[in-house]
Amino acid sequence: MHKREISLTVNGKVHELAVEPRLSLSDMLRDELRLSGTHIGCEHGVCGACSILLDGVPVRSCLMLAVQADGHEITTVEGLSNEDRSPGILQEAFQDAHGMQCGYCTPGMLISAQALLTANADPSLEEIKDAIGGNLCRCTGYTQIIESIQLAASRLREAG
Ligand code: FES
Ligand code: FES
């Protein structure tokens, strides 16, 4: 099958590459761009582990083709770090409030939390539950994930 030329911005960097039309966006991010922070769980749009931001909106990258991302701006979990690659405020809050155990769901949780906190600096408990409602976690029981997001929100507000 003929490859298609695409151009997209990932974590602030422009990438131009040729991809098979059937290649999923999640496989492209992991295999072509080597951004393996985006996890693949179900590949059916159920678990949310593969979540990324597409033009600021959380989407499941396993349900999109790479060619559909042509011309768009993507943020993966790697893009949530500081410029020196140290953990960003949200990532640090997950670490400090023990918001992960095996870590499989964590990139997707972080992406959903990032989208929430960008739109809402002081989310209620219900708003946090709603924001991560499409992300499955087998380990934590969700309580520490919610506490991590609350901690991040308060630190982000303090940081202005
Ligand atoms: S791997 Fe995409 S939703 Fe599960
Ligand atoms: S920490 Fe293991 S699936 Fe969430």
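Residues numbered from 1 in each chain as written. Chains lettered and ligands numbered in written order. Predicted model: local features only at pLDDT ≥ 70, side-chain atom pairs only at ≥ 80, totals over all residues.

1. Here's the deal with the overall build of the protein chain
Along the backbone of the protein chain there are five helices and five strands. Listed N to C, the secondary structure of the protein chain is β-β-α-β-β-β-α-α-α-α in terms of helices and strands. Taken against the 2.2 N^0.38 rule, which gives 15 Å for 160 residues, the C-alpha radius of gyration of the protein chain at 16 Å falls within 12% of a compact globule. Projected onto its principal axes, the C-alpha coordinates of the protein chain cover approximately 50 × 30 × 25 Å. The buried share of the protein chain, reckoned over its 160 residues, is 38%. Summarising the internal contacts of the protein chain: among those between residues at least 6 apart in sequence, 58% fall at separations of at least 24. (Helix = DSSP H or I, 4+ residues; strand = E, 2+ residues; numbered from the N terminus. Rg over C-alpha atoms; globule rule 2.2 N^0.38 Å. Buried ≥ 20, exposed ≤ 12 C-beta atoms within 10 Å, placed from the backbone. Contact = placed C-beta atoms within 7 Å.)

2. Describing unusual backbone geometry
The residue His 98 is not glycine, and still its phi comes out positive at about 55°. Positionally, His 98 belongs in the loop between helix 2 (89–96) and helix 3 (106–119). Residue classification places His 98 among the partly exposed positions, given that 13 C-beta atoms sit within 10 Å. Phi at Tyr 142 is positive, roughly 75°, even though this residue is not glycine. Inspection of the secondary structure assignment puts Tyr 142 in the loop between helix 4 (125–131) and helix 5 (143–159).

3. Side note on the domain arrangement of the protein chain
Domain assignment breaks the protein chain into domain 1 (4–80) and domain 2 (89–159). Averaged C-alpha coordinates put domain 1 and domain 2 at centres separated by 21 Å. Tallying the contact residues gives 16 residues for domain 1 and 15 residues for domain 2. With three residues, strand 3 (residues 51–54) is the single largest residue contributor to the side of domain 1 that touches domain 2. Class assignment for the residues of the side of domain 1 that touches domain 2 results in nine nonpolar, seven polar and no charged. (Domains from an automatic or database assignment. Nonpolar A, V, L, I, M, F, W, Y, C, P; charged D, E, K, R; others polar.)

4. Section: the environment of Gly 103
On the secondary structure map, Gly 103 appears in the loop between helix 2 and helix 3. Classification of Gly 103 by C-beta neighbours within 10 Å gives exposed; the count is 12. It is 9.7 Å that separates the C-alpha atoms of Gly 103 and Thr 140, two residues lying 37 residues apart in sequence.

5. Digging into the pairing of strand 2 (residues 13–19)
Alignment of strand 1 (residues 4–10) against strand 2, held across seven bridges, turns out to be antiparallel. Paired with Ile 6 across the two strands is Leu 17, which belongs to strand 2. Between strand 1 and strand 2, which pair antiparallel and follow one another directly, the connecting turn spans two residues, one of which, Asn 11, has a positive phi of 50°. (Pairing = 2+ DSSP bridges.)

6. So, the sheet that holds strand 4 (residues 57–60)
Strands belonging to one sheet form pairs held by backbone hydrogen bonds; the direction of such a pair is parallel or antiparallel. The sheet built from five strands is open, its strands ordered 2-1-5-3-4 with mixed pairing. Each edge of the open sheet is held by one strand with a lone partner, namely strand 2 and strand 4. Across the sheet, the mean angle from the axis of one strand to that of its neighbour is 40°, orientation sign disregarded. Alignment of strand 3 against strand 4, held across four bridges, turns out to be antiparallel. What sits directly across from Ser 51, in strand 4, is Arg 60. Along the sheet face, helix 3 touches strand 3 and strand 4 and points at about 35° away from the line of strand 3. (Axes fitted to C-alpha atoms, helices over the stretch in contact; angles between N-to-C directions.)

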